[in-house]
Amino acid sequence: MMMKFFAIFVAALTAENLFFTRAFDVYGLRELHRSPKKMLLFGGLTTAVLAVAGPVAYGINKLIYGLPFYYYINGITHLLILVGLYAGVYWLLKKYQPKVFELVGKYLPYAAINCCTFGSLLLAAKDTELDRWWKALAYHCGAGIGFTLAMLLLWSVRQRLSSCHASKSFRGLPLQMITVGLIALALVGLTGNQLPA
Amino acid sequence: MKMNKNHWYARFLRGTKGVFRGNPVLGAGLALPFVVVAASSLQTAVGLSIGALLTMLPVGLLIPLIMQKIPEQFRWLDYPLRALIAALFLMPTRVIVGAISPALMDSVGVYFSLLCVSTLLFASRAMTVEEQRLEKVLLELTRLWLGLTMVLLLVGICREVLGNGTLWGKPLTWMKIRFSAVMVSGLGFILLGFIAALGQKIHRSVLFVCLWIGKNGRTVKDKIVHFGERPPKENKNKISGEIPEETADHEQIPEGKEQE
């Protein structure tokens, strides 16, 4: 069991990295890229949200799977889980931990509801191999940490590219995208581009 | 490089803000998953574009009205409410987009559901939050959508033609080479990088030509006709005070220097 947990965790962290293989992004990346501390805080929050929402979504998905309108309600159900979690954490932190709320309150909405968290839940719901709650937990933890590492790598790439002499047309986003593409190609080599859609 | 704000190119850029200059994808890197991975053909690009329109516009128009009714202490619900309303509008949109092609929704996969948490949706909130007039909000959202659509279509066409040798599912007989690796997300990033670089190059070139025309004080038509030609030699000689080229010889010493 431990080996399986670890294998799913590592696969979600590297070969199925949400940013490099699926291009899932979050709002406010530009502001986050100003300091790696903010990025770590944001990544930690995203991972925590995924770790809690993942097993819950697994259970709810089991309940609604097979319903006639599953295709249409699948998305909104998973989104409701994230919204409920966000609202609960926001209210609890504001009421009982005002100091923590001051620290994380600004990032909480962006960390709880974004492409990374929502997409990860939807992908796990489609994946037939994640048939136990602990497998879903391993996948979501790996996905969250993998996304945080990808953001840190992107920050590092940005720092290095800002000091290099590039053609004026390629400065900024174009060169970043090309560098990210090269890293993504290296990761695709591990999976052979056979990820489920 | 600066230019007069009444210049035609400056006016063009102001008028098409969000489409060409300040494009949300090429400038700010928003909505990456749709452009980099999901837009693998022209059909998927059109489907995603319709999906984006039918979520962005209702959310942008409804949220200000809803937020007026919500008490001050619950204003933090603004962010999740946007996502929820977008998800609600996505349900009928699925039917509309699915009608374009039965295989379209399968090829788009989870990316269609992700439209309700798109970074573009939240970026539009930041752009329109202080705008009171509804028509201005509508205009801003339309510009953002046009910017996204332009890039989606460009990427979709490039990938479909290069990867499958088809366009809108129809085979292109003249396209002999297949480059199927372009469908991989890594090459999607690279393709987007090159498109963004091409956009910057075109902008810089047009700006350069505009400034060059303005600097030399000729009419635009004259300048376009003479663009690429060398300036007349006599003008150059007048400025530098050297001997005309017809009579100049590298070994010949100018008169002035001989006297010295």
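I will try to describe carefully the structure that is included in this document. (Residues numbered from 1 in each chain as written. Chains lettered and ligands numbered in written order. Predicted model: local features only at pLDDT ≥ 70, side-chain atom pairs only at ≥ 80, totals over all residues.)

1. Examining the overall build of chain B
Phase 1 of the analysis: Across its full length, chain B holds 11 helices and two strands.
Phase 2 of the analysis: Ordered by position in the sequence, the α and β elements of chain B form the string α-α-α-α-α-α-α-β-β-α-α-α-α.
Phase 3 of the analysis: In chain B, buried positions account for 34% of the 260 residues.
Phase 4 of the analysis: Counting contacts in chain B only where the partners sit at least 6 residues apart, residues at least 24 apart contribute 69% of the total. (Helix = DSSP H or I, 4+ residues; strand = E, 2+ residues; numbered from the N terminus. Buried ≥ 20, exposed ≤ 12 C-beta atoms within 10 Å, placed from the backbone. Contact = placed C-beta atoms within 7 Å.)

2. Description of the overall build of chain A
Phase 1 of the analysis: Summing up its helical and strand segments, chain A has nine helices and zero strands in all.
Phase 2 of the analysis: Order of helices (α) and strands (β) in chain A, N terminus to C terminus: α-α-α-α-α-α-α-α-α.
Phase 3 of the analysis: A compact globule built from 197 residues would reach a C-alpha radius of gyration of about 16 Å, and chain A, at 18 Å, matches this within 12%.
Phase 4 of the analysis: Taken over the C-alpha atoms alone, chain A extends approximately 55 × 45 × 35 Å along its principal axes.
Phase 5 of the analysis: The buried share of chain A, taken over its 197 residues, is 44%. (Rg over C-alpha atoms; globule rule 2.2 N^0.38 Å.)

3. So, the interface of chain B and chain A
Phase 1 of the analysis: Taken together, the 40 residues of chain B in the interface contact 39 residues of chain A.
Phase 2 of the analysis: Of all elements in the fold, only α2 (32–38), α4 (78–98), α6 (119–128) and α8 (185–216) of chain B reach the threshold of two or more residues within the side of chain B that touches chain A.
Phase 3 of the analysis: With 14 residues, α8 of chain B is the largest single contributor of residues to the side of chain B that touches chain A.
Phase 4 of the analysis: For the side of chain B that touches chain A, the per-class residue count stands at 27 nonpolar, 10 polar and three charged. (Nonpolar A, V, L, I, M, F, W, Y, C, P; charged D, E, K, R; others polar.)

4. A word on helix α1 (residues 2–13) of chain A
Residues and elements named next belong to chain A.
Phase 1 of the analysis: With 12 residues, α1 extends 16 Å from end C-alpha to end C-alpha; this agrees with the ideal 16 Å at 1.5 Å per step.
Phase 2 of the analysis: Buried within α1 are the following residues: I8, F9, A12 and L13. When α1 is viewed along its axis, its buried side chains cluster within an angular range of 135 degrees and face the same direction. Looking at α1, the residues exposed on the side facing more than 90 degrees away from the buried face are M3 and F6.
Phase 3 of the analysis: For α1, the elements touching its buried residues are α8 (133–162). (Expected span 1.5 Å × (residues − 1). Arc of directions from axis to C-beta.)

5. Re the nonpolar core
Phase 1 of the analysis: L82 of chain A together with V35 and V155 of chain B are the most contacted members of the largest nonpolar core, which totals 111 residues.
Phase 2 of the analysis: With residues up to four places along the chain from it excluded, the contact list for V35 of chain B reads V25, V151, L152, V155 and L192 of chain B. (Core = buried A, V, L, I, M, F, W, Y, C linked by C-beta atoms within 7 Å.)

6. Some points on unusual backbone geometry
Residues and elements named next belong to chain B.
Phase 1 of the analysis: The phi dihedral of A31 is positive, around 55 degrees, even though this residue is not glycine.
Phase 2 of the analysis: Phi angles above zero are rare outside glycine, and W168 is one such case at about 55 degrees.
Phase 3 of the analysis: In this fold, W168 is placed in the loop between β1 (166–167) and β2 (170–171).
Phase 4 of the analysis: Classification of W168 by C-beta neighbours within 10 Å gives exposed; the count is 12.

7. Points about the packing of helix α3 (residues 36–64) of chain A against helix α7 (residues 115–126) of chain A
Residues and elements named next belong to chain A.
Phase 1 of the analysis: Where α3 meets α7, the axes come as close as 10 Å, and the angle between the chain directions of the two elements is 35 degrees. Like other packed secondary-structure pairs, α3 and α7 cross with a definite hand, here right-handed. Contacts between α3 and α7 involve T46, V49, L50, A53, G54, A57 and N61 on the former and, on the latter, C116, T117, S120, L121, A124 and A125.
Phase 2 of the analysis: Residues that form the contact of α3 with α7 fall into these classes: eight nonpolar, five polar and no charged. (Axes fitted to C-alpha atoms, helices over the stretch in contact; angles between N-to-C directions. Left-handed = near helix turned anticlockwise from the far one by under 90°.)

8. Concerning α4 of chain B
All names here are of chain B.
Phase 1 of the analysis: In this model, α4 (21 residues) spans 30 Å end to end at C-alpha, consistent with the 30 Å of a helix rising 1.5 Å per residue.
Phase 2 of the analysis: Along α4, the largest kink reaches about 35 degrees and is centred on P92.
Phase 3 of the analysis: Within α4, burial applies to P80, R82, A83, A86, A87, L90, T93 and V97. (Bend = angle between axes of the 7 residues up to and from the residue.)

9. Thoughts on the packing of helix α3 (residues 42–69) of chain B against α6 of chain B
For any two helices packed against each other, the geometry comes down to the angle between their axes and how far apart the axes lie.
Residue and element names in this part refer to chain B.
Phase 1 of the analysis: Where α3 contacts α6, the two axes come as close as 11 Å, and the packing angle between them is 35 degrees. For the pair α3 and α6, the sense of crossing is right-handed. Counted together, A52, T55, M56, V59 and G60 of α3 and L120, L121, S124 and T128 of α6 form the full contact between these two elements.

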